[in-house]
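Analysis of the macromolecular model
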Amino acid sequence: MLRTETRHAIDPATAKTLDTDQLRDHFHVAGLFADGEINLVYSHYDRLILGSAVPAGKALTLDKVEATGTATILERREMGVLNIGDTGTVSVGGEDYELETGEVLYIGMGAGPVTFAGAGRFYVLSAPAHQTYPTTLIRLKDARRVEMGTRETANERVIIQFLHPEVCKSCQLLMGYTQFAEGSVWNTMPAHLHDRRMEAYLYFQLPENQRVFHLMGEPSQTRHIVMANEEAVISPPWSIHAGAGTSSYTFCWAMAGDNVDFTDMDMVAMGDLR
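Residues numbered from 1 in each chain as written. Predicted model: local features only at pLDDT ≥ 70, side-chain atom pairs only at ≥ 80, totals over all residues. Heavy atoms only, no water.

Phi angles above zero are rare outside glycine, and D46 is one such case at about 55 degrees. Tracing the chain through its elements places D46 in the loop between β3 (37-43) and β4 (49-54). For R47, which is not glycine, the phi dihedral falls at a positive 55 degrees. With respect to the secondary-structure elements, R47 resides in the loop between β3 and β4. Assessed through its relative accessible area of 38%, R47 is described here as partly exposed. (Helix = DSSP H or I, 4+ residues; strand = E, 2+ residues; numbered from the N terminus. Buried < 20%, exposed > 50% of the residue type's maximum accessible area, 1.4 Å probe, protein only.)

Structure follows, in structure tokens:
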């Protein structure tokens, strides 16, 4: 079963007039991971698609998606797939790729239909592409690791980069995830902006009775969205994106826009946040 939802882009002046429910309607994504279903959200921010596929013992094939206006989803797009569940298989272009927990498959433009099977819980990201790169399975040991933060500031973490120029070539999609040391809860603080590209986050490995307070909005007009386990959030180019959890957690980040320079960001001073 395939379900697709469209989210339209809004400007920052409109965003700061929204109440809690309206903010969640525009930016918060819940109920992604459902057994036997493919669920997609088509965002008008840089045309990023985020979603999930949970085979739950049967094969699920992702092919034609009406929102893209093409014969198959990858006709003019690339895709990244992260497995946050047990071992599963992704089949594309006549090849089967077995993904262990925490591994990522990059799928290049024009690869055709994608089939998901096994016990995986697959997080799916797709962005428009203008060049084809080879479909590549990226093992955890092959990802780029960047350690950041300190225990004293409660943000000791490791950034694990998969779709990154030094790991796997892509057209415009960047993707990886960040894991926190025990006792650390703050991510991406001090905050930053990058008006040249949007971002999306999936929060996972968060205990069911815990929450992450995701910060968004212009630096002078911050807002928050309360996130539960396996929920996603869309982050517009004009918005900061930071957060703190009531326990340690992991979040998958993905970016699409003008470039693949991970460090392309405009820092926001702590004193400028309101």
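After that view, the rundown keeps rolling.
Turning to the environment of E182, a few remarks are in order. Note on placement: E182 falls in the loop between β15 (174-180) and β16 (186-187). The spacing of E182 and N155 is 27 residues in sequence and 9.8 Å in space, taken between C-alpha atoms.

Right, let's get into the environment of T263. With respect to the helices and strands, the residue T263 is situated in the loop between β23 (250-257) and β24 (266-267). Judged by its relative accessible area of 57%, T263 falls in the exposed class. In this structure the C-alpha to C-alpha distance between T263 and H194, which are 69 residues apart in sequence, comes to 9.5 Å.

Right, let's talk about the packing of aromatic side chains for a bit. On inspection of all chains with the given rule, the structure shows 11 aromatic pairs. Between F180 and Y249, the ring centres sit 4.6 Å apart and the planes meet at 40 degrees, which makes this aromatic pair tilted. Linking F180 in strand β15 with Y249 in the loop between β22 (242-245) and β23, this pair joins segments that are 69 residues apart in sequence. Under the relative-accessibility criterion, Y249 is labelled buried at 2%. For the ring pair Y249 and F251, a centre distance of 6.4 Å and an interplane angle of 35 degrees mean the geometry is tilted. One aromatic cluster in this structure is built from F180, Y201, Y203, Y249 and F251. (Phe/Tyr/Trp six-rings, centres within 6.5 Å; stacked < 30°, edge-to-face > 60°.)

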